[in-house]
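Secondary and tertiary structure notes
Here is what each chain is made of, one letter per residue.
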Amino acid sequence: MARMPGGATKIEIPRWIQLVGLPLLLLLLWVVAGAARHVVFLFLVAGLVALLLNPLVRGLGRVWIPRGLAVAIVYLSFAAAVGLAVVALATVVVNQTRSSADRVDAYFTNEHGQRHQTDAERDLDRLQVWLDRHHLKRVRIRKQGHDFLNNIGTKDVQKYTSKAISWAEGAAISVFQLLFSTVLIVVISIYMLLDMPRLSRGVDRRFPPHPGSEPLVPRMERAIAGYVKGQALLSLIIGTSAGLGMWVLGVLGWVPNADKYALLFGSWVALTELIPYLGPWLGAVPPVVYALVVHPISALWVGILFLFIHQIEGHVVVPNVMGSALRLHPLLVIFGLLAGGEIYGLPGVFVALPLLAAGRACWEFFSERVALEPWDEAGPVPVEVELQRPAAVPEPVPEQPPAPPAAAKR
């Protein structure tokens, strides 16, 4: 453990822990997370909520409000805002959906005019005439289309409408079944918010921040808040663009009565924009289906509108809005989304990007304080071993050359 400037400590992980301890720890975490996947998911979501609301609680604490009361005020205000938004959105969606369903029913079933045709049959005849005039007489869709429309009666439309209502009721029941998990998330996040100062002080005491840098908890709070702000701004921009575009098409008459449902389409696009990658495609489905029902040629204009919006979104809005919010490589974002969906389905996709943002903040914080012992051969020997020297062998004495014979006496 080395001392860094500003009182911070840097931990060096030995090689034997890298070789044995870290793989065993990762395997243990994987097994525990797989066995208690739902519990781990609830705690992760609660932690994200606590980190998101902690700046508001801390701000109320600066005006001499006790932390417990500040937590209650923030949660009650948050719940009231979410409830009002859900009620307002549900009211608009239900009213305009009912109006759209009545219009679809009348489009297929109400007969008028001298030939006693429905609007769908008349539009089908017009499409066949347009094909004949443009040298496409071989394309015969009038007979097949009339057979299909004749098989669709009032009872069939009502049957499909009742099925849609039953599906909506089942979805509502499933949503209410998630109430227990939501209550658990709220309770856990409240406990986390109450103990957040103690946790922050413990981390700062063990890992003091560098002079002029932020501690760990404020870094994670800033990362999650940046993601939420960027996503909300992105949904607002794309939803407003889609609603305004549908209103303009309706006013110009290119998509009949689209201006009456522009708010519904814009709200749906803004809501689906929260779903990464799949959201833009899901948001375009209801407007295109509506345009096909009202007039087949109108679907072309709606398709061009959403193609233009998605191009602007991918090349202008997302790089400028979300680029500074996540600061992650696109491959890591794609991997996180796929992994979140594979592990926990659609809720995992929603939570993947905030977790990546918080994980990036943790990585940046601890990468300055934790180092791995190098594996080069020039490093010091971990364990000193005393080697026994071999016994000395006496060196052989070199042979002396024989002395020359003495001279004979005279």
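Before going into details, it helps to say that this report is about the structure given with it. (Residues numbered from 1 in each chain as written. Predicted model: local features only at pLDDT ≥ 70, side-chain atom pairs only at ≥ 80, totals over all residues. Heavy atoms only, no water.)

Things to note about a nonpolar patch on the surface
- On the surface, Leu244, Trp247, Val248, Val251, Leu252, Trp254, Ile297, Leu300, Trp301 and Ile304 cluster together into a nonpolar patch covering about 950 Å² of accessible area.
- Mapped by element, the contributors of at least two residues to the nonpolar patch are helix 9 (216–252) and helix 12 (296–321).
- At 5 residues, the largest contribution of residues to the nonpolar patch is made by helix 9.
- With respect to the secondary-structure elements, Trp247 resides in helix 9. (Patch = residues over 30% accessible without salt bridge, like charges linked within 9 Å, V, L, I, M, F, W, Y side chains within 5 Å. Areas by Shrake-Rupley, 256 points an atom, 1.4 Å probe, with all protein chains shown as cover. Salt bridge = Lys/Arg side-chain N within 4 Å of Asp/Glu carboxyl O. Helix = DSSP H or I, 4+ residues; strand = E, 2+ residues; numbered from the N terminus.)

Side note on the pattern of salt bridges
- Tallied over the entire structure, the rule returns 3 salt bridges.
- As a salt-bridge pair, Arg58 and Glu221 come within 2.9 Å of each other at their nearest N and O atoms. Of this pair, Arg58 sits in helix 2 (residues 37–61) while Glu221 sits in helix 9, and the two are 163 residues apart along the sequence.
- You can call Glu221 buried: its relative accessible area is 3%.
- Arg222 is the partner of Glu214 in a salt bridge, and the nearest nitrogen-oxygen pair spans 3.0 Å.
- By relative accessible area, which is 32% here, Glu214 ends up partly exposed. (Buried < 20%, exposed > 50% of the residue type's maximum accessible area, 1.4 Å probe, protein only.)

As for the packing of helix 9 against helix 10 (residues 262–272)
- Viewed as axis vectors pointing N to C, helix 9 and helix 10 meet at an angle of 155°, and their least axial separation amounts to 7 Å. The orientation of helix 9 with respect to helix 10, classified from their angle, is roughly antiparallel. In this structure, the crossing between helix 9 and helix 10 has a hand that is right-handed. Mapping the contact onto sequence places Ser235, Ile238, Gly239, Ala242, Gly243, Met246 and Trp247 in helix 9 and Ala262, Phe265, Gly266, Val269 and Ala270 in helix 10.
- Classifying every residue of the contact of helix 9 with helix 10 by side-chain character gives 8 nonpolar, 4 polar and no charged. (Axes fitted to C-alpha atoms, helices over the stretch in contact; angles between N-to-C directions. Parallel < 35°, antiparallel > 145°, perpendicular 65-115°, else oblique. Left-handed = near helix turned anticlockwise from the far one by under 90°. Contact = heavy atoms within 4.5 Å. Nonpolar A, V, L, I, M, F, W, Y, C, P; charged D, E, K, R; others polar.)

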